[in-house]
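# Working through the structure, step by step
Now for the letters of each chain:
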Amino acid sequence: MAKPLNQSDIDLENGTTSGNETSDRIDERVEFAEVITQIEDLPPDGGLKAWLQIVGSYLLYFNTWGIINTFGVYQTYYENELLQHMSPSAISWIGSLQSFLLLAVGVISGPLYDAGHLRFLLGSGLFLVTFGMMMTSLCHEYWQVILAQSLCIGVGTGCLYIPSIAIIPEYFSKRKALAMGIVSSGSSFGGVIYALMFQGLVPHVGFGWTTRIMGFTSLVTISISCLLLRRRTAATKIRSLLDKQALKERSYIIYCFGMCMSYIGFFAPIFYLQSYSLSHGLQGQAVALYLVAILNAASVLGRLLPSLIVNWIGPIHTFFLSIAFASVTTFAWINTNTGAGNIAFAAFYGFFTGGIVALPAVVLTSFTPDLSRLGTRLGMSSVVNAVASLIGAPIAGVILSSTGSYLGIQLFTGFLLMATAGLIAVLRFVVAGNKLFVKA
């Protein structure tokens, strides 16, 4: 005897379902779709497109921090040739204003990046950096150098800096520290190449054509970045230039103060290393003119190695170690009076300060709850860092002019880096708590 059909069987046979079953299936489909969406939103952590973003960002670092890190060779040249009638402190304002604008423009370029204006930022940076280089090649007066090298190139690098670091977390999660280490090493490589180009070409083709050749190099390499870089996440509407929530977070405030201390002290040795060595062990020796290149070469390893250590002990711990060892190295500079000692200081300082450029973005990302606001928060911290970088080297120049000794510069930088290490130690406990053995 056939079993009588119930309503659900009849509904299935007729291709229909009851209201409850329909609702359950819709809920299942919605949940399934949400899972798929979450999976698709996760950074791929690899693949051709992701690694091409590293190449493009690497070249942007090559032409932002790479140019800034080269100013030490310009400082020496200006003191002895083009602007020899100006004081070292006045000349250092050229590089300081350049680094200030690189960071300060971030408060505008950060929100613009979040809003999806990557193409505009890259195009503006390409034009301004190239144009600034070409105009610098024609300069003969101090005010001309300020307009071309400081203002024009500074604003151009500011347009390029935030995109070069903000795009990496869109493609990398577990490998983010390694990716940032590779990208930031571009600034060291740029500092090596541009410094060697300057020292090698000036005696043969002069200051003007040397700077033009460097400008053409920037044009080609930034153009490659323009072709490669593509945003992965959806743009958001332009927000306020301030993330007010960040100002209520102790971790973010401590982070900003720590970075401020580091940027005040960071540039002084880079700007004055070569002039110091010419009167302390490398008098009349050509190798003194290549110390900036040596420093930047060592910084390549100093940016890659900490990025690997991050996976073991965390970004905050790694950053603390980098800053602490940089402080010790700077104090050791005080007794450096031989050629070998100057070369060793350049190498060790470049290595340990590599983390100052490679790790801050990784550290900030590690305790930023909403990565869609990362560009804005990077921009906010960049303004603080900009002011710090603006005043650091000129203060060192005033100390040198007032005392006639480099001891004040060495103590100035050493204690500032020590203060940075202390603030980063405090940040570690704010973020990770009182547990001693924890990855942070």
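Cut-offs applied
- Every chain is numbered independently, its residues counted from 1 as its sequence is written.
- Only residues with pLDDT of 70 or above have their local features reported here, since the model is predicted, and side-chain atom pairs are shown and tallied only from 80 upward, although totals for entire chains, interfaces and linings are computed over all residues.
- Processing note: side-chain calculations cover all non-hydrogen atoms of the structure and skip hydrogens and water entirely.
- Runs of E in the DSSP output that reach at least two residues are strands. Runs of H or I that reach at least four are helices, and both are numbered from the N terminus.
- Any residue under 20% of the maximum accessible area for its type is buried, any over 50% is exposed, and the rest in between are partly exposed; the area is computed with a 1.4 Å probe on protein chains only.
- By definition, residues are in contact when any of their heavy atoms lie within 4.5 Å.
- Exposure was quantified through the Shrake-Rupley algorithm and a 1.4 Å probe, taking into account, for residues, occlusion by the shown protein chains and nothing else.
- Here the expected span of a helix is defined as 1.5 Å times the quantity of residues minus one.
- In protein, a polar contact means a hydrogen-donor-capable atom and an acceptor-capable atom, both N or O and within 3.5 Å, with residues adjacent in sequence counting only if both atoms are side-chain atoms; elsewhere, any N or O pair within 3.5 Å suffices.
- Residues enter a nonpolar core if they are buried and are Ala, Val, Leu, Ile, Met, Phe, Trp, Tyr or Cys, with the set joined through side-chain atoms within 4.5 Å.
- Take a side-chain nitrogen of Lys or Arg and a carboxyl oxygen of Asp or Glu: if they are within 4 Å of each other, that pair is a salt bridge.
- Stacked, edge-to-face and tilted labels apply to pairs of Phe, Tyr and Trp rings (six-membered ring for Trp) whose centres lie within 6.5 Å, assigned for plane angles under 30 degrees, over 60, and everything in between, in that order.
- In this analysis the charged atom, NZ for Lys or CZ for Arg, is taken to sit over a ring once it is within 6 Å of the ring centre and within 35 degrees of the ring normal.

Looking now at the overall build of the chain. A tally of regular secondary structure across the chain gives 18 helices and zero strands. For the chain, with 440 residues in total, the buried portion stands at 54%. Of all intrachain contacts in the chain linking residues separated by at least 6 positions in sequence, the fraction that spans at least 24 positions is 83%. Carbon and sulfur atoms make up 68% of the accessible area of the chain, which amounts to about 18500 Å² in all.

Its 18 residues place the ends of helix α13 (residues 315-332) 26 Å apart at the C-alpha level, agreeing with the 26 Å of an ideal helix rising 1.5 Å per residue. Taken as a whole, α13 has its buried residues at P315, I316, H317, T318, F319, S322, I323, A326, S327, T329 and T330.

Relative to the elements of secondary structure, S402 occurs in helix α17 (residues 374-403). Engagement of the side chain of S402 in a polar contact is seen with the backbone oxygen of V398, the distance being 2.8 Å.

The topology assignment puts N69 in the loop between α4 (65-68) and α5 (71-82). Since its relative accessible area comes to 3%, N69 is described here as buried. A polar contact is formed between the side chain of N69 and the side chain of N296, at a distance of 3.5 Å. When sequence neighbours within four positions are dropped, the list of residues in contact with N69 reads S187, G191, I270, V292, N296 and R303.

A word on the nonpolar core. By size, the foremost hydrophobic cluster in this structure holds 116 residues, and its most contacted members are W65 and Y78. The element best represented in this core is helix α11 (residues 250-277), accounting for 16 residues.

What follows concerns the pattern of salt bridges. All told, the structure shown has three salt bridges when counted by the stated rule. Its salt-bridge partner being D243, residue R377 comes within 2.9 Å of it at the nearest N-O pair. Of this pair, R377 sits in helix α17 while D243 sits in the loop between α10 (176-228) and α11, and the two are 134 residues apart along the sequence. Of the two residues examined, R377 and D243, each falls in the buried class.

The next thing to look at is α5. With 12 residues, α5 extends only 14 Å from end C-alpha to end C-alpha; this falls clearly short of the ideal 16 Å at 1.5 Å per step. For α5, a buried count of nine out of 12 residues is recorded, marking the element as mostly surrounded by other parts of the structure. Every buried residue belonging to α5 is among F71, G72, V73, Y74, Q75, T76, Y77, Y78 and L82, and all of these are buried.

Summed over the entire model, instances satisfying the criterion amount to 33 aromatic pairs. Measuring from ring centre to ring centre gives 6.0 Å for W65 and F267, while their planes differ by 15 degrees; the resulting arrangement is stacked. Remark: F267 occurs in helix α11 and W65 occurs in helix α4; sequence separation between them is 202 residues. On the accessibility criterion, F267 (1% relative accessible area) is buried. The side chain of R428 reaches across the aromatic face of F429, ending 4.6 Å from its centre.

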